[in-house]
Amino acid sequence: MRWLSAVVVLGVAASLAGCGGDPDAERAAVDETEELALAAVDGVVHEVADATRLEFTSGDHDFVICGESYAPGGVIHRVSLHFGPPDATVERAIERAAEALEADGWKVEHPGNPAIVEGVRGSNTLRFHFGGAATEVSIRSSCVETSDDVAKEYADRANADIDWD
C-alpha cells in the first residue's frame with residue numbers, strides 16, 4: 001500500500017511540475033499561433049476567396065481553454081469566417097482551395113465530405129466548407145500548453161472581429 005501512496009504522490013508532483021512555466025514564453029507561443037492563423041486569413045484564405053469570388057459577410061476569432069475544466073491545459077485559437085456561395089461549382093471551388101493550400105505549403109486533406117477541404121500546417125487546421133447558399137471557413141489550432149492563469153487570461157478576452165480588406 002505504501003508503494004501506491006508513493007506512486008500517487010509522484011504522479012501529482014509530476015503533473016504540477018508542468019504548471020510552473022514561464023508566462024512570457026507561454027504568451028509568446030499563443031501569440032505566435034494566433035499570428036500564423038491570421039496570416040493565413042490575409043494570405044491563402046484571401047486567395048481562395050478571390051479565386052472563387054466569395055463575398056465576405058463576417059468573421060471573428062477567439063480563444064478557448066483546452067484540457068479538463070478542473071485542470072486547463074492551455075488554449076486553442078479559433079477563427080471563424082462566413083462568406084456567400086462560390087461562383088463556381090462546389091467541386092471546382094474545392095479544387096481551387098486545394099491548389100491554393102498546397103501552393104502555400106499546407107498539407108491538403110479531404111475528410112470524406114465532398115464539400116470540405118482542409119489544410120494542415122504546424123498546429124493549425126484550416127477548413128473550407130463550400131455550400132450552395134454559403135461558405136464557412138475555420139482555422140483551429142491544437143492546444144497550446146500554458147499555465148492555468150495564462151489560459152484563463154486568453155479565454156477571458158472578447159471575440160475579435162476580422163477585418164476583411
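Residues numbered from 1 in each chain as written. Predicted model: local features only at pLDDT ≥ 70, side-chain atom pairs only at ≥ 80, totals over all residues. Heavy atoms only, no water.

The subject of this paragraph is the packing of helix 2 (residues 23-51) against helix 3 (residues 90-103). Remark: helix 2 packs on helix 3, axes separated minimally by 9 Å, with the N-to-C direction vectors making an angle of 150°. Classed by the angle they form, the pair helix 2 and helix 3 counts as roughly antiparallel. When the axes of helix 2 and helix 3 are compared, the crossing they make is right-handed. Where helix 2 approaches helix 3, its residues Val44, Glu47, Val48 and Ala51 are matched on the opposing element by Arg96, Ala97, Ala100 and Leu101. Taken together, the residues of the contact of helix 2 with helix 3 sort by class into 6 nonpolar, no polar and 2 charged. (Axes fitted to C-alpha atoms, helices over the stretch in contact; angles between N-to-C directions. Helix = DSSP H or I, 4+ residues; strand = E, 2+ residues; numbered from the N terminus. Parallel < 35°, antiparallel > 145°, perpendicular 65-115°, else oblique. Left-handed = near helix turned anticlockwise from the far one by under 90°. Contact = heavy atoms within 4.5 Å. Nonpolar A, V, L, I, M, F, W, Y, C, P; charged D, E, K, R; others polar.)

Attention now goes to the pattern of salt bridges. Counted under the stated rule, the structure contains 9 salt bridges. Here aspartate 87 and arginine 53 are joined by a salt bridge, their closest N and O atoms 3.7 Å apart. Pair noted here: aspartate 87 is in the loop between strand 2 (71-83) and helix 3 and arginine 53 is in the loop between helix 2 and strand 1 (56-68), with a separation of 34 residues, a long-range link. Owing to a relative accessible area of 44%, aspartate 87 belongs among the partly exposed residues under this scheme. Residue class for arginine 53 comes out exposed when judged on its relative accessible area of 64%. Here arginine 121 and aspartate 104 are joined by a salt bridge, their closest N and O atoms 3.5 Å apart. Of this pair, arginine 121 sits in strand 4 (residues 116-121) while aspartate 104 sits in the loop between helix 3 and strand 3 (107-109), and the two are 17 residues apart along the sequence. Arginine 121 gets classed as partly exposed once you look at its relative accessible area, which sits at 36%. (Salt bridge = Lys/Arg side-chain N within 4 Å of Asp/Glu carboxyl O. Buried < 20%, exposed > 50% of the residue type's maximum accessible area, 1.4 Å probe, protein only.)

Time to look at the packing of aromatic side chains. Each aromatic ring pair is specified by the distance between its two centres and by the angle formed by the two planes. The tally for this structure, following the rule as stated, stands at 5 aromatic pairs. Both rings, one in phenylalanine 128 and one in phenylalanine 130, keep their centres 5.8 Å apart while their planes meet at 5°; by these two values the pair is stacked. Take phenylalanine 128: its relative accessible area is 0%, and that puts it in the buried class. The exposure class assigned to phenylalanine 130 is buried, which follows from its relative accessible area of 1%. What links up through ring pairs into an aromatic cluster is the set Phe56, Phe83 and Trp164. (Phe/Tyr/Trp six-rings, centres within 6.5 Å; stacked < 30°, edge-to-face > 60°.)

As a further point, take helix 2. Three- or four-residue spacings in an α-helix give side chains the same orientation, since the helix completes a turn every 3.6 residues. Taking 1.5 Å per residue as the helical rise, helix 2 with its 29 residues ought to reach 42 Å, and the 41 Å between its terminal C-alpha atoms agrees with that figure. At valine 41, helix 2 is bent by approximately 35°, the largest bend along its length. When we look at burial in helix 2, the residues that qualify are Glu26, Val30, Thr33, Glu34, Ala37, Ala40, Val41, Val44, Val45, His46, Val48 and Ala49. Where helix 2 ends, the next residue or the one after it, arginine 53, has phi of about 55°, a positive value. (Expected span 1.5 Å × (residues − 1). Bend = angle between axes of the 7 residues up to and from the residue.)

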